[in-house]
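The residues making up each chain are set out below.
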Amino acid sequence: MWYRLGQFILKFRFSLLVLLFAATAFMGWKASKVQLSYDFTRALPTDNPRYIDYQNFLKKFGGDGNTMVIGIQNPQFWSQNFFNEVGALHRQLKKVPGVTDVLSIPETVNLVNDSIQHRLTPKKIFLYPYESQQALDTARTVFENLPFYRGLLYNPQTNSYLLAVSVNKDTINSKSRTKLINGILAQVQVFEKQTGTTVYTSGLPYIRTTISNRIKNEMNWFLIGSLVLLVVTLLIFFRSVSATIMSLLVVCMGVVWSLGTLVLFGYKITLLTALIPPLIVVIGIPNCIYFLNKYHTAYRDTNDKNKALITMVGRMGIVTLFCNIAAAIGFAVFSFTHSDLLKEFGAVAGINIMVLFLLSLVFIPSVLSYLPPPKEKHTRYLDNPFLEKILLNIERWAFHHARWVYGVTAVVTILAVIGVFRIKSEGFIVDDLPRSDKIYTDLKWFESNFGGVMPLEIIVDTKKRKGIFRSKPIAKIDELSAYIAANPATARPLSFVEGLKFAKQAYFDGDSMSYTIPYEADLVFMAPYLQAKPDSTQKNAQKGVAQLINSFMDSTQQLARISVNMKDIGSAKLPVLLNDFEKKANEIFDTASYHITFTGSSVSFLEGSGFIIKGLKESIFWAFLLITLCMLYLFRSFRILVCSLIPNLIPLVVTAGVMGWVGIALKPSTVLVFSVALGIAIDVTIRFLINYKQELPHYNRQVPQTLVQTIRHTGISIIYTSLVLIAGFIIFCFSDFGGTKALGWLTSLTLVVGTLTNLVLLPVLILSTSRRKK
């Protein structure tokens, strides 16, 4: 069948190439429309309880991850000139398109008791720019008498001060986000230059935008780098410009098809799907190498180009098909998970690996048929003395040192298994960044001075309308807030209760001792003040305590919101912390009268990371099972099946063991290694065993002679392919992100071990089991 297919391709080569180029041009047109995704909540399925809670929160309160924070640490903050510069920074930030509000000390307000109008009138504390230090000091005294702002906008112990910049949620979730963040940073840089002060920046909008842009830029460079490596390695191996250009065109067409597929399916580029183009380049290389290697071998044997091309398709067609099926399965199983991110990645990667097979099958023999036959220098690599020496040593180990092979394999596997039990499953929002990176160091500064910037939201449901404005739930919310504030991992919570304390202090003429929760009698006297409508002549920023209080409850006054900023403590400690808070909340609130929900970006991140890891683990299991069934169908021998699986299980165990010994945590970026490596490493096994199966009848089913021939004929292409693949993944080691870097060197490690086990252990297993069979 495959030989007839080779004849068909050569007969209709021109028509097939025209059809292929036309289809690729169409996919290229589609690929030009590809867009980036800015949705960070799609790791969870829509029916997940945490996802539902978070979406309900967004509908009620709008969002929790739309604030960028700017920090200043300077003992001269209260000097006249420096304070005026901070005020100027506030005004410039307000002018940046996409910024909805800025909260900073120069624009803070005090509430003044207007006993005649029965309302609390907001009054600006600071009337900058100041020309007198005394006037600023007087206003400072008023400001520092307001506990509401302490810990929120300044930390008196460390001379640290904060500006909170709220951004439009639609803008920050669109392609305009980069322009918005850069606009804010431009004003910060001007301030730094004018004052000579280091400014710290953080917050989810800033972190997500900056990291996304870096990953996007890295993926572009990695794509270029992988293509350059492809050119260099192919030139070194084949010494042929035409073969190199042809292989380059195959993988470039594969990249175009992968991006076009994203658009056809209505998907956008996410942090996962951004990996597909470089992976397509790396995975597409073996197809080219194996086809070219078989073509050169066949041509040297027959000295007939057409016969060599037909032999190439006939012998390598089925091999490449099953190799690509195995690799595609490794990715496609992700589409069976409940996560949209994994589904999209799995579907697009799996489909386009099979597209790579079709591209290679049609394009390579068709183009080679138009090119002149290979010259002697193009096939010289087949007689590489160094590789021949390595292959002779492999033969010697397989036939004369089987016990040593088994012994070393057993020791390495045992050490790896011990390492597996040392693996920890933990992820941080910024743990992929170097510890010296400004994003990381600035985040740690905010954690040290303000308790963190990662949002946690707590919703208190009183289960009845207007159930919030009563002394009992107010006291309970304050008790829970005090418990949370006492934890070193969190900042002081903010809720409508803090607004009521602020209002009570103002009601009692600014006495800081009155900054306490109002009791039932206080609420009766304060009610007219809290319900008074603001003067229409007041500016939006000064509409009083009612606006503050209303932002932390729903319109029916049934739900109250407690907002907490917390440290990036990681996915291992976060569940413990949440369980502690939930336990305390259940002690404080009667579950029959109240319902407490913990949500927010931090909880979604934890749940999403755990869900992805679980989905990846399940995918690896299903991938291994499906690949096993393919191998069983292909070889129709349980003995060969066992022999084929062992050399592929050991590399995965070794990689997991190294992760445990080195201290690399299990997270989405590192779990992905196993699926990628399994799909690629199994290629070597399939190619070796199919070649073994094809050669076996030619040697009267004599296993030793067939193994020798298989090692010599397949070994060179296996080594070449492995070197190219390792070089392709090594490029990821130059990433600034720990996860991408780990993906590079861990996958390379798996491929190295996989090459050794398939070239050394696999022949030993076949030889040992064949002897026992006899």
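Preceding this section is the structure that the text describes.
Thresholds applied
Residues numbered from 1 in each chain as written. Predicted model: local features only at pLDDT ≥ 70, side-chain atom pairs only at ≥ 80, totals over all residues. Heavy atoms only, no water. Salt bridge = Lys/Arg side-chain N within 4 Å of Asp/Glu carboxyl O. Helix = DSSP H or I, 4+ residues; strand = E, 2+ residues; numbered from the N terminus. Buried < 20%, exposed > 50% of the residue type's maximum accessible area, 1.4 Å probe, protein only. Pairing = 2+ DSSP bridges. Expected span 1.5 Å × (residues − 1). Phe/Tyr/Trp six-rings, centres within 6.5 Å; stacked < 30°, edge-to-face > 60°. Lys NZ or Arg CZ within 6 Å of the ring centre and 35° of its normal.

**Looking at the pattern of salt bridges**
Here comes step 1: Scanning all chains against the criterion turns up 12 salt bridges.
Here comes step 2: For aspartate 442, the salt bridge goes to lysine 438, with nearest N and O atoms at 2.8 Å. In this pair, aspartate 442 and lysine 438 are both assigned in helix H15 (residues 438-450), four residues apart and thus about one turn of the helix distant.
Here comes step 3: Here the residues in one salt-bridge network are Asp478, Glu498 and Lys501, joined through shared partners.

**Describing the pairing of strand E8 (residues 454-461)**
Here comes step 1: Most of E8 is tucked away, with eight of its eight residues classed as buried.
Here comes step 2: Of the two faces of E8, the one carrying Met454, Leu456, Ile458 and Val460 and the one carrying Pro455, Glu457, Ile459 and Asp461 are both buried.
Here comes step 3: Of the strand pairs in this sheet, E8 and strand E9 (residues 559-566) are connected by eight bridges, and their pairing is antiparallel. Looking at the pairing, valine 460 lines up with alanine 560 of E9.
Here comes step 4: Where E8 and strand E10 (residues 595-599) come together, five bridges link them in antiparallel fashion. Opposite glutamate 457, over in E10, you have threonine 599 as the bridge partner.

**Considering helix H8 (residues 204-238)**
Here comes step 1: Helix length check: H8 (35 residues) gives 49 Å between terminal C-alpha atoms against 51 Å at 1.5 Å per residue, within 8%.
Here comes step 2: Arginine 239 sits one or two positions beyond H8 and adopts a positive phi of about 55°.

**Quick notes on the packing of aromatic side chains**
Here comes step 1: Counting across every chain of the model gives 37 aromatic pairs.
Here comes step 2: Both rings, one in phenylalanine 446 and one in phenylalanine 450, keep their centres 6.5 Å apart while their planes meet at 40°; by these two values the pair is tilted. Of this pair, phenylalanine 446 and phenylalanine 450 are both found in helix H15, four residues apart, which corresponds to roughly one turn of the helix. The burial state of phenylalanine 446 is the same as that of phenylalanine 450; both residues are buried.
Here comes step 3: The interplanar angle of 80° and the centroid separation of 6.4 Å between the aromatic rings of tyrosine 483 and phenylalanine 581 together place this pair among those described as edge-to-face. Taken together, the residues tyrosine 483 in helix H16 (residues 471-485) and phenylalanine 581 in helix H20 (residues 573-588) connect sequence positions 98 residues apart.
Here comes step 4: On the basis of relative accessible area, tyrosine 483 is assigned to the partly exposed category, the value being 30%.
Here comes step 5: The residue whose ring lies beneath arginine 13 is tyrosine 370, and the NZ or CZ to ring-centre distance is 4.1 Å.
Here comes step 6: A cation over an aromatic ring shows up here: arginine 636 above the ring of tyrosine 633, its NZ or CZ 4.5 Å from the ring centre.

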